[in-house]
Amino acid sequence: QVQLVESGGGLVQAGGSLRLSCAASTRTFSTYAMGWFRQAPGKEREFVGSISGSGLRTSYADSVKGRFTISRDNAKNTAYLQMNTLKPEDTAVYYCAATSRWSPNIATTAGYDYWGQGTQVTVSS
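Starting from 1, residues in each chain are numbered consecutively following that chain's sequence as written. Given that this is a predicted model, residues contribute local features only at a pLDDT of at least 70 and side-chain atom pairs are listed and counted only at 80 or more, while totals for whole chains, interfaces and linings are drawn from all residues. Water and hydrogen atoms were dropped before computing side-chain values, which therefore reflect all heavy atoms in the structure.

**Re the overall build of the chain**
The numbering of helices and of strands both runs from the N terminus, where a helix is a DSSP run of H or I of at least 4 residues and a strand a run of E of at least 2. Per the secondary structure count, the chain includes zero helices and eleven strands. Reading the chain from its N end, one meets helices and strands in the order β-β-β-β-β-β-β-β-β-β-β. With the C-alpha coordinates aligned to their principal axes, the bounding extent of the chain is approximately 40 × 25 × 25 Å. Here's how the labels work: a residue is buried when its accessible area is under 20% of the maximum for its type, exposed when over 50%, partly exposed in between, all with a 1.4 Å probe on protein chains only. Within the chain, buried positions represent 46% of all 125 residues. A separation threshold of at least 6 residues defines the contact pool for the chain, and within that pool the share at least 24 residues apart is 58%. Of the roughly 6400 Å² that the chain leaves accessible, carbon and sulfur atoms contribute 46%. Two residue types count as positive, namely Lys and Arg, and two as negative, namely Asp and Glu; His and chain ends fall outside the count. To locate a charge, take NZ of a lysine, CZ of an arginine, CG of an aspartate or CD of a glutamate. In the chain, 12 positive and 8 negative side-chain charges are present, and the distance between their average locations comes to 6 Å. Contacts were defined at the residue level, with two residues in contact if any of their heavy atoms lie within 4.5 Å. In short, Shrake-Rupley with a 1.4 Å probe defines the accessible areas, and a residue's cover is counted only from the protein chains shown.

**Examining the packing of aromatic side chains**
Two aromatic rings, drawn from Phe, Tyr or Trp (for Trp, its six-membered ring), form a pair once their centres lie within 6.5 Å of each other, and the interplanar angle then sorts them: stacked below 30 degrees, edge-to-face above 60, tilted otherwise. Applying the stated rule across the entire model yields five aromatic pairs. Cation placement over rings: the criterion is NZ of Lys or CZ of Arg within 6 Å of the ring centroid and within 35° of the ring normal. A cation over a ring is seen here: Arg45 above Trp115, with NZ or CZ 5.0 Å from the ring centre. Above the plane of the ring of Phe29 lies Arg72, whose end atom (NZ or CZ) is 4.3 Å from the centre.

**Comments concerning the pattern of salt bridges**
A carboxyl oxygen of Asp or Glu within 4 Å of a side-chain nitrogen of Lys or Arg is what we treat as a salt bridge. Considering all chains together, one arrives at four salt bridges under this definition. Between Arg38 and Glu46 there is a salt bridge, with the nearest N and O atoms lying 2.6 Å from each other. Note on Glu46: relative accessible area 35%, which makes it partly exposed. Sharing partners across several salt bridges, the network here consists of Arg38, Glu46, Arg67 and Asp90.

Right, dumping it as structure tokens:
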């Protein structure tokens, strides 16, 4: 069982930046690929990006490419989502997730075994 706790959400103006963190309660953190998803009111949860256990492989949704960066610090059991040039349409609850396999489902919610509780990000115009 892996517990994930997100932090770093908040209110920011359009064009601003935020960094989300996801702390994992496992000693084998480097064996898990990590993903970030978001869910806006009335919408389905959507893929933002993912990072392999080693950190060498990343994948991003087209809507955030060039603005968001995922990283991880395996010594701290923490994954990060750096969000720059934020837009009002980025407003959502952001979730981190963990999976023991980098599979073809890595960009879908079905590809993950563990989820955090989410953190709210609100971007004002």
